[in-house]
Amino acid sequence: MLLPQNDALPVNLLAGCFRETSASYKYYWFLSILDLIEGGQTKIFKKEIFAGMVAFAWYPIHYFRLSFGLQDKLQENVLRLKEIEDISLESAITDIRKKLVNSDNKATASLLWHLNQTVPHWFLSPWYKGLNKSGIYQASQSDKLKPLYKLDIDFIEIYPRWFEYLVTHQSILRDFALWNLTNFLQVRNPMIPDLPGKLIKPSERKSLTDQRNKFWNIVLANRNNLKCIYTGKELTTGNYVVDHFIPFNFISHDLIWNLVPAHKDSSSVKSDRLPPLDIYFDPFYEIHRTALEIIFDKSPKNRFLQDYYPIFPNLSKDNPLSDGLSKSRFRDIFEPLVKIAHNNGFEYFHYAAKQ
């Protein structure tokens, strides 16, 4: 991915900021700056940028539990700030940043200011190769080499030509930073599905209303005594929720083959925990086998059947997950996902143990 060129600016040096980096600081530093210049300010206080870095990293670390690597102190600081500050996991980036900037907690201020040890000056290292921290601070006061900004103790000030460039190409620059961040995190999370979709908190989660009304309600309306795989309680169209068998926080999609109707009593207990397959896979498989038999009979053109075909390309009314090979293949899909999710910190769930 290439950055927009500008004959008056060394754009190649800006691109060089993201090469050969061993920590996530630079990506989040730049993303935070891009977010803050929307207000038109060229002078930006470091504390605001540091708080923005934490805010951008908050969701992928706490919600999706991505690993930033052993050397990355930003992840460590974000986890510690969750313990110190009363900030909801679902908070927006702007709310998290505001909360941190306005916090009177000395520990919070210390964790934010810890980021000053590296990123503000080392981000400019492509302009000033060979210079140490103090040398970069001093050299940045001059526009001679056309650096992105000048450094001060408490703030940075973006040079006018760069400010115009950042504002003009903000969307492309943001995508460039996220693309490089994705590559950085993919190495540290090689088995995590849909990594790009886990970097930024969506404005809202998609509803599962269609999956409920146009798939599972049809199943429940045509089969009596269908029971919740977690609680064993009978399911009806009025007493169930649509549950992600493997938590959405890990798998980050709403494909029907990972969804299951579950009694309302189980939802608050299961939350984002993993189902032990030795306990729950067989009933999970059976409810899907039953569902497919009913859907093929009552709604053969149902669009949610398409979700199964990448796994079962030969799926049909005459062969709806009926043989042992299909069951084995279905389990083969889930076993590595569950193991990887558990290794990334997702806990196991067992309803009976919560009674």
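Everything discussed here concerns the structure shown above.
Each value, and the rule that gives it
Residues numbered from 1 in each chain as written. Predicted model: local features only at pLDDT ≥ 70, side-chain atom pairs only at ≥ 80, totals over all residues. Heavy atoms only, no water. Helix = DSSP H or I, 4+ residues; strand = E, 2+ residues; numbered from the N terminus. Buried < 20%, exposed > 50% of the residue type's maximum accessible area, 1.4 Å probe, protein only. Contact = heavy atoms within 4.5 Å. Pairing = 2+ DSSP bridges. Axes fitted to C-alpha atoms, helices over the stretch in contact; angles between N-to-C directions. Salt bridge = Lys/Arg side-chain N within 4 Å of Asp/Glu carboxyl O. Polar contact = N/O pair within 3.5 Å; in protein donor to acceptor, adjacent residues only side chain to side chain. Phe/Tyr/Trp six-rings, centres within 6.5 Å; stacked < 30°, edge-to-face > 60°. Lys NZ or Arg CZ within 6 Å of the ring centre and 35° of its normal.

Undergrad: Would you take a moment to explain the side chain of Asn 189 for this structure?
TA: One can find Asn 189 in the loop between helix H10 (170-188) and helix H11 (209-221). Using a relative accessible area of 3% as the deciding quantity, one classes Asn 189 as buried. In contact with Asn 189, not counting residues within four places along its chain, are Leu 66, Ser 67 and Asn 344.

Undergrad: Explanation requested: the sheet that holds strand E1 (residues 43-45) in the structure shown.
TA: Paired through their backbone hydrogen bonds, the strands of a sheet run either parallel or antiparallel. Read across the sheet, three strands follow the order E1-E3-E2 without closing on themselves; strand pairing throughout is antiparallel. For this open sheet the edge positions go to E1 and strand E2 (149-151), each flanked by a neighbour on one side alone. Ignoring which end each strand starts from, the neighbouring axes of this sheet average 25 degrees apart. Of the strand pairs in this sheet, E1 and strand E3 (residues 155-158) are connected by three bridges, and their pairing is antiparallel. Paired with Ile 44 across the two strands is Ile 156, which belongs to E3. Strands E1, E2 and E3 of the sheet are contacted by helix H2 (residues 25-36), whose axis makes an angle of about 65 degrees with E3.

Undergrad: Where do I start with the pairing of E3 in this structure?
TA: Side-chain positions along a regular strand alternate between the two faces of the sheet. Looking at chain direction, E2 and E3 are connected through three bridges and run antiparallel. Within the sheet, the bridge partner assigned to Leu 151 lies in E3 and is Ile 156. Hairpin connection, E2 to E3: the antiparallel pair is bridged by three residues.

Undergrad: Just checking my understanding: could you explain the pairing of strand E5 (residues 259-263) for this structure?
TA: Of all five residues in E5, five are buried, a share of seventy percent or more. The alternating pattern of E5 places Leu 259, Pro 261 and His 263 and Val 260 and Ala 262 on opposite faces, both of which are buried. Relative to E5, strand E4 (residues 240-244) runs antiparallel, the two being bridged by five bridges. The residue of E5 that forms the bridge with Val 242 is Pro 261.

Undergrad: In this structure, what is going on with the pattern of salt bridges? I would like to understand it.
TA: Opposite charge on two side chains permits them to pair, given that their charged atoms come into close proximity. If you walk through the whole model with that rule in mind, you get 15 salt bridges. Of the charged contacts in the structure, one is a salt bridge between Asp 210 and Lys 214, with a shortest N-O distance of 3.8 Å. In this pair, Asp 210 and Lys 214 both sit in helix H11, four residues apart, roughly one turn of the helix. Owing to a relative accessible area of 30%, Asp 210 belongs among the partly exposed residues under this scheme. Residue classification places Lys 214 among the partly exposed positions, given a relative accessible area of 44%. Connected through salt bridges with shared partners, the residues Asp 210, Lys 214 and Arg 303 form a single ionic network.

Undergrad: Could you clarify how one ought to interpret the side chain of Asp 272 in this entry?
TA: By secondary structure assignment, the location of Asp 272 is in the loop between helix H13 (264-270) and helix H14 (277-298). Among the polar contacts listed, one links the side chain of Asp 272 to the side chain of Arg 65, at a separation of 2.7 Å. At 3.5 Å, the side chain of Asp 272 forms a polar contact with the side chain of Asn 249. When sequence neighbours within four positions are dropped, the list of residues in contact with Asp 272 reads Arg 65, Pro 247, Asn 249 and Phe 346.

Undergrad: Mind showing me how you'd approach the packing of aromatic side chains here?
TA: Two descriptors summarise a pair of aromatic rings, namely the distance from one centre to the other and the angle between the planes of the rings. The tally for this structure, following the rule as stated, stands at 36 aromatic pairs. Aromatic side chains Tyr 63 and Phe 64 sit 4.9 Å apart centroid to centroid with 90 degrees between the ring planes, which places their arrangement in the edge-to-face category. We classify Phe 64 as buried; its relative accessible area is 4%. Consider the rings of Phe 281 and Phe 330, whose centres lie 6.1 Å apart with planes at 70 degrees: the pair is edge-to-face. Pair noted here: Phe 281 is in helix H14 and Phe 330 is in helix H15 (residues 324-343), with a separation of 49 residues, a long-range link. Per residue, the accessibility class of Phe 281 equals that of Phe 330, and both read buried. Here a set of aromatic residues connected by ring pairs shows up, and it is made of Phe 18, Tyr 27, Trp 29, Phe 30, Phe 50, Trp 113, Phe 123, Tyr 149, Phe 176, Trp 179 and Phe 184. Here the basic side chain of Lys 198 rests over the ring of Phe 250, its NZ or CZ set 5.1 Å away from the ring centre. Its guanidinium or amino end placed over the ring of Tyr 240, Arg 212 lies 3.9 Å from that ring's centre, counting from NZ or CZ.

That's the geometry; what it means functionally is another story.
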